[in-house]
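Residue strings, one per chain:
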Amino acid sequence: GAVVSQHPSWVICKSGTSVKIECRSLDFQATTMFWYRQFPKQSLMLMATSNEGSKATYEQGVEKDKFLINHASLTLSTLTVTSAHPEDSSFYICSARDGSTYEQYFGPGTRLTVT
Amino acid sequence: AQTVTQSQPEMSVQEAETVTLSCTYDTSENNYYLFWYKQPPSRQMILVIRQEAYKQQNATENRFSVNFQKAAKSFSLKISDSQLGDTAMYFCAFMSYNAGNMLTFGGGTRLMVKP
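Throughout, residues of each chain are indexed from 1 in the direction in which the sequence is written. Here every chain gets a letter starting at A, and every ligand a number starting at 1, in the order they are written. Since the coordinates come from a predicted model, pLDDT governs what is reported: local features require at least 70, and pairs of side-chain atoms require 80 or more to be given and counted, while whole-chain, interface and lining totals use all residues. Hydrogens are left out, water is left out, and the side-chain values use all remaining heavy atoms of the structure.

### With respect to the overall build of chain B
On a plain count of helices and strands, chain B comes out with zero helices and 12 strands. In DSSP terms, a helix is any run of H or I states spanning at least four residues, a strand is any run of E spanning at least two, and both are numbered starting from the N terminus. In chain B, the order of α-helices and β-strands from amino to carboxyl end is β-β-β-β-β-β-β-β-β-β-β-β. Values of the radius of gyration come from C-alpha atoms, whereas the globule rule sets the reference at 2.2 Å times the count of residues to the power 0.38. In summary, chain B has a C-alpha radius of gyration of 14 Å against a globular reference of 13 Å for 115 residues, a match within 12%. C-alpha extents for chain B along the principal axes are approximately 45 × 25 × 20 Å. Of the contacts made within chain B by residues no fewer than 6 positions apart, 56% connect residues no fewer than 24 positions apart. Accessible surface computed for chain B: about 5,600 Å², of which carbon and sulfur atoms make up 45%. Here, residues are in contact when the closest pair of their heavy atoms is within 4.5 Å. Reported accessibility uses the Shrake-Rupley method at a 1.4 Å probe radius. Residues are deemed covered only where the shown protein chains occlude them.

### What about empty space enclosed by the protein?
A pocket, in this scheme, is an open set of points on a 1 Å grid over the protein atoms alone with protein on both sides within 12 Å along at least 5 of 7 lines, while a cavity is a set where a 1.4 Å probe fits but cannot get out; residues line either one if an atom lies within 4 Å of a point. Grid points are joined across faces, edges and corners, and a volume is the space filled by probe spheres set on the points. Counted under the stated rule, the structure contains one cavity of 30 Å³ or more. Here the largest cavity is characterised by a volume of approximately 50 Å³. Forming the walls of the largest cavity are Tyr102(A), Glu103(A), Gln104(A), Phe35(B), Tyr37(B), Leu47(B), Met95(B) and Leu103(B). Polar here means any residue other than Ala, Val, Leu, Ile, Met, Phe, Trp, Tyr, Cys and Pro, which are nonpolar, and Asp, Glu, Lys and Arg, which are charged; Gly is therefore polar. Classifying every residue of the lining of the largest cavity gives six nonpolar, one polar and one charged.

### Some details on the sheet that holds strand S8 (residues 76–81) of chain A
Residue and element names in this part refer to chain A. Two strands are said to pair when DSSP picks up at least two bridges between them. On the basis of which strands lie adjacent, the open sheet formed by four strands has the order S1-S3-S8-S7 and antiparallel pairing. Of all the strands in the sheet, the pair left with one neighbour each is strand S1 (4–7) and strand S7 (67–73). The average undirected angle you get between the axes of adjacent strands in this sheet is 15°. Two strands pair when backbone bridges link them, and S7 and S8 are joined in this way by five bridges, in the antiparallel orientation. Lines are fitted to the C-alpha atoms to define the axes, a helix being fitted only along its stretch in contact, and any angle between axes, read from their N-to-C directions, falls within 0 to 180 degrees.

### Brief notes about the interface of chain A and chain B
In this complex, chain A contributes 19 residues to the contact, which on the side of chain B involves 19 residues. Accessible area that two parts lose when put together, with a 1.4 Å probe and added across both, is what the buried area reports. Between chain A and chain B, roughly 1,700 Å² of surface is buried when both sides are summed, and carbon and sulfur atoms account for 53% of that area. For the chain A face of the interface with chain B, the top three residues by lost area are Ser43(A), Tyr102(A) and Phe106(A), together amounting to 34%. The term salt bridge refers to a pairing of a side-chain nitrogen on Lys or Arg with a carboxyl oxygen on Asp or Glu at a separation within 4 Å. Scanning the region where chain A abuts chain B turns up one salt bridge. Of the charged contacts, one joins Glu103(A) and Arg50(B) as a salt bridge, the two residues approaching to 2.4 Å between their closest N and O atoms. Whenever a nitrogen or oxygen atom comes within 3.5 Å of another N or O atom, the pair is scored as a polar contact, on the condition that within protein one atom can donate a hydrogen and the other can accept it, and that pairs from neighbouring residues in sequence are kept only if both atoms are in side chains. Across the chain A-chain B interface, the total number found is five residue pairs in polar contact (both at pLDDT 80 or more). Listing elements by their share of the side of chain A that touches chain B, those giving two or more residues are strand S4 (30–38), strand S5 (44–51), strand S9 (90–98) and strand S10 (104–106) of chain A. Taken together, the residues that form the side of chain A that touches chain B break down as 10 nonpolar, five polar and four charged.

### A short note on unusual backbone geometry
Geometrically, the link from His7(A) to Pro8(A) is a cis peptide bond, its omega value of 0° lying close to zero. Tracing the backbone shows Pro8(A) in the loop between S1 and strand S2 (10–13). One non-glycine residue, Ala16(B), lies in positive phi territory at about 80°. By the element assignment, Ala16(B) lies in the loop between strand S2 (10–14) and strand S3 (19–21). The exposure class of Ala16(B) is partly exposed, given its relative accessible area of 46%. The buried label goes to any residue with under 20% of its type's maximum accessible area, the exposed label to any with over 50%, and the partly exposed label to all in between, with areas taken from a 1.4 Å probe on protein chains only.

On their own, these measurements won't tell you what the molecule is for.
The following block contains the structure:
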């Protein structure tokens, strides 16, 4: 089946620094990718939708200047958390939609800890 | 906007027994998909089963089956012959044909299978 990778799987950064998370579709072209945030013991909350070659669409309440999303190719989307604060510590999950079907495939997630 | 509700935060079942997880949703759409995802301790989201709203027949995948009641907007998941490996968070999700393939998740049900 289709595989989506995320890198890194776990990152620790200091408050005030920026961190980039990559999401790659390994064996299919993803015209659309989604970024989710998940707090412990809670559900997935959609942060933004990114379409290849265009600006991301952010959900209400998500700061687009803080969570920068770039979908520069059909296999790669990146999420950059800028000027990270401890409250940004969370589990971030991406999913990618196969361009030829409606199927979505999830990455394994990235645990971000801001100290 | 669509909403998905899972009214059982936690459930437990004895190994080899059957358990049913509940899900209700609210939408004004007529064409949509419903999904059940499993999130084990690894936190990788795994698709368990999907149902297309226009299909009257309930979907089945081995030990997993759904009871889809479109008029009642209900979509429950039945797990037969529960196994220890079924221990996980289970999320019900809704996707409209017309909403850019965006998934709306329920709050989740934590299932514990006891030996």
